[in-house]
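What follows is the residue order along each chain.
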Amino acid sequence: MSELLELLLTPPGETIWVRDADGDHDAESVRRRAAGVKRQLETLSAGSAVGLLHEPSAGWVAAWLGVMAAGHVVVPLSRQQPASERQRLCDDAGARVVLDDEAVAAVTPGKTSELHAAVGRLRARTQSDPSAATAMLLYTSGTTGRSKGVMLSHACLAHQARLLMRAWQIDGDTELVHTLVLHHTHGVAIALLPALCAGATVRLLPRFDPAAVLDAMASGGNTFMAVPTMYYRL
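Just so you know, these numbers come straight off a predicted model, no measurement behind them.

Visitor: Even after reading the chapter, I still don't get the environment of N222, so can you show me in this structure?
Guide: Structurally, N222 is set in the loop between α8 (210-218) and β11 (223-224). Put simply, N222 and T174 are 48 residues apart on the chain and 6.5 Å apart in space, counted from C-alpha to C-alpha. Sequence-distant contacts of N222, that is, excluding residues within four places in its chain, are made with D173, T174, E175 and M217. Among the polar contacts listed, one links the side chain of N222 to the backbone nitrogen of E175, at a separation of 2.8 Å.

Below you can see the structure in the form of structure tokens.
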């Protein structure tokens, strides 16, 4: 088992891990859902890229954890992206399936990219060390050109989570109000991941709305991360 998965399995099962539109979800219930996702992916070859297209919710967290626990590579996608862009990213990553609200959907195969080949070569070199394997392919914003996939290992994400937990004093008393997108590093690797590893509660809002953020902060939320435009609107 990788360092990252060990961190994500550390918080007690009764910890309220995620709050979403459907209510409170403890760590045990999210992990059970993740185990179900893992079973759905058993027929895939080890280290396959799996697209994740899911609304921000406990279901997103379960699917994300289930893909990594199955030994595959998560490729976060978003409905904010045009369908053509999602297809391009799946082609680039070599993803042949997408988890859409926890259901497995096929992706029309495209040309296998050099990046997909690189992930495969790295997997072959790191089979004896799960922490060195790629956990996620996160795509850059594409501000000055086409977005590019960044290979993030289990060890890299675990190390970052530990550093942020210590630097920002994230612990079981933290309740993170989360409105960042989950297909960029700020939302998933900097905000969500350390909070879950620390056994904090993550209140996942479906989208950024200033009134909803202020309400959440007034009713238990004590931590918030955002980009400058969000702070301006607040």
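Visitor: What is the right way to look at the packing of aromatic side chains in this model?
Guide: Each aromatic ring pair is specified by the distance between its two centres and by the angle formed by the two planes. On inspection of all chains with the given rule, the structure shows two aromatic pairs. Judged by centre distance (5.9 Å) and plane angle (90°), the ring pair of F224 and Y231 falls under edge-to-face. Overall, the relative accessible area of 18% leaves F224 in the buried class. What makes Y231 partly exposed here is its relative accessible area of 45%. In this structure, R31 is placed above the aromatic ring of W17, and the distance from its NZ or CZ to the ring centre is 4.9 Å.

Visitor: It is not clear to me how the packing of helix α6 (residues 154-168) against helix α7 (residues 185-197) should be interpreted in this structure. Could you clarify?
Guide: Each pair of packed helices can be summarised by the angle the axes make with each other and by the distance between the axes. Contact geometry for α6 and α7: axes closest at 9 Å, N-to-C directions at 80°. Viewed along their axes, α6 and α7 adopt a mutual orientation that is roughly perpendicular. For the pair formed by α6 and α7, the contact residues are L157, Q160, A161, L164, M165 and W168 on the first element and A189, I190, L193, P194 and C197 on the second. Considered class by class, the residues forming the contact of α6 with α7 number 10 nonpolar, one polar and no charged.

Visitor: Which parts of the structure should I look at to understand the packing of helix α3 (residues 58-69) against α7?
Guide: Running from amino to carboxyl end, α3 crosses α7 at an angle of 90°, the nearest separation of the two axes being 13 Å. When the axis of α3 is compared with that of α7, the two are roughly perpendicular. Here α3 contributes W60, V61 and W64 to the contact with α7, which in turn contributes V188, L192, L193 and L196. Residues that form the contact of α3 with α7 fall into these classes: seven nonpolar, no polar and no charged.

Visitor: Help me out: how do you make sense of α8 in this one?
Guide: One turn of the α-helix equals 3.6 residues, which is why residues spaced by three or four share an orientation. Those residues of α8 that sit buried are P210, V213 and A216. One face of α8 carries all of its buried residues, which in axial projection span an arc of 130°. Exposed residues on α8 whose side chains face more than 90 degrees from its buried face are D215 and A218. Here the buried face of α8 lies against β9 (175-178), β10 (201-204), β11 and α9 (228-233). One or two steps after α8, the chain reaches G220, where phi turns positive at roughly 125°.

Visitor: For this particular structure, what's the right way to read the environment of R203?
Guide: Mapped onto the fold, R203 is located in strand β10. Judged by relative accessible area, which is 15%, R203 ranks as buried. A C-alpha to C-alpha distance of 7.0 Å links R203 and E175, two positions 28 residues apart in sequence. What R203 contacts, discounting residues up to four positions off in sequence, is R19, E175, L176, V177, H178, A216, S219, G220 and G221.

Visitor: Any chance you could explain the pattern of salt bridges here in plain terms?
Guide: Pairs can form between side chains of opposite charge whenever their charged atoms are close. Tallied over the full model, the rule gives eight salt bridges. Between R162 and E3 there is a salt bridge, with the nearest N and O atoms lying 3.3 Å from each other. Taken together, the residues span a long stretch of sequence, with R162 in helix α6 and E3 in helix α1 (residues 3-8) at a distance of 159 residues. On the accessibility criterion, R162 (35% relative accessible area) is partly exposed. One salt bridge connects R19 with E175, and the closest N-O pair in it is separated by 2.8 Å. In this pair, R19 is assigned in strand β1 (residues 16-20) and E175 in strand β9, connecting sequence segments 156 residues apart. Overlapping salt bridges bring together R19, D24, E175 and R203 as one network.

Analysis parameters
Within each chain, residue numbers correspond to sequence positions counted from 1 in written order. The model is predicted, so local features are restricted to residues of pLDDT at least 70 and side-chain atom pairs to those at 80 or more, both for listing and for counting; the totals for chains, interfaces and linings are taken over all residues. To obtain the side-chain values, all non-hydrogen atoms of the structure were included, while hydrogens and water were left out. Every helix listed is a DSSP run of H or I at least four residues long, and every strand listed is a run of E at least two residues long, numbered separately from the N terminus. Here a residue-residue contact requires only that any non-hydrogen atoms of the pair lie within 4.5 Å. Throughout this description, a polar contact denotes any pair of N or O atoms lying within 3.5 Å of each other; where both atoms belong to protein, one of them has to be capable of donating a hydrogen while the other can accept it, and for residues adjacent in sequence the pair is counted only when both atoms sit in side chains. Only Phe, Tyr and Trp rings take part, Trp by its six-membered ring, and two of them pair if their centres are within 6.5 Å. Stacked means planes under 30 degrees apart, edge-to-face means over 60, and tilted covers everything else. Accessibility here uses a 1.4 Å probe with only protein chains present; expressed as a share of the type maximum, an area under 20% marks a residue as buried, one over 50% as exposed, and anything in between as partly exposed. Only lysine NZ and arginine CZ atoms are considered, and such an atom sits over a ring when it is within 6 Å of the ring centre and within 35 degrees of the ring normal. In this description, a line fitted to the C-alpha atoms serves as the axis of each element, helices being fitted only across the stretch in contact, and the angle between N-to-C directions of two axes falls anywhere from 0 to 180 degrees. We call two directions roughly parallel when the angle between them is under 35 degrees, roughly antiparallel when it is over 145, roughly perpendicular when it lies between 65 and 115, and oblique otherwise. Following the grouping adopted for this structure description, the nonpolar residues are Ala, Val, Leu, Ile, Met, Phe, Trp, Tyr, Cys and Pro, the charged ones are Asp, Glu, Lys and Arg, and the polar ones are all others, Gly among them. Directions from the helix axis toward the C-beta atoms define the arc. Take a side-chain nitrogen of Lys or Arg and a carboxyl oxygen of Asp or Glu: if they are within 4 Å of each other, that pair is a salt bridge.

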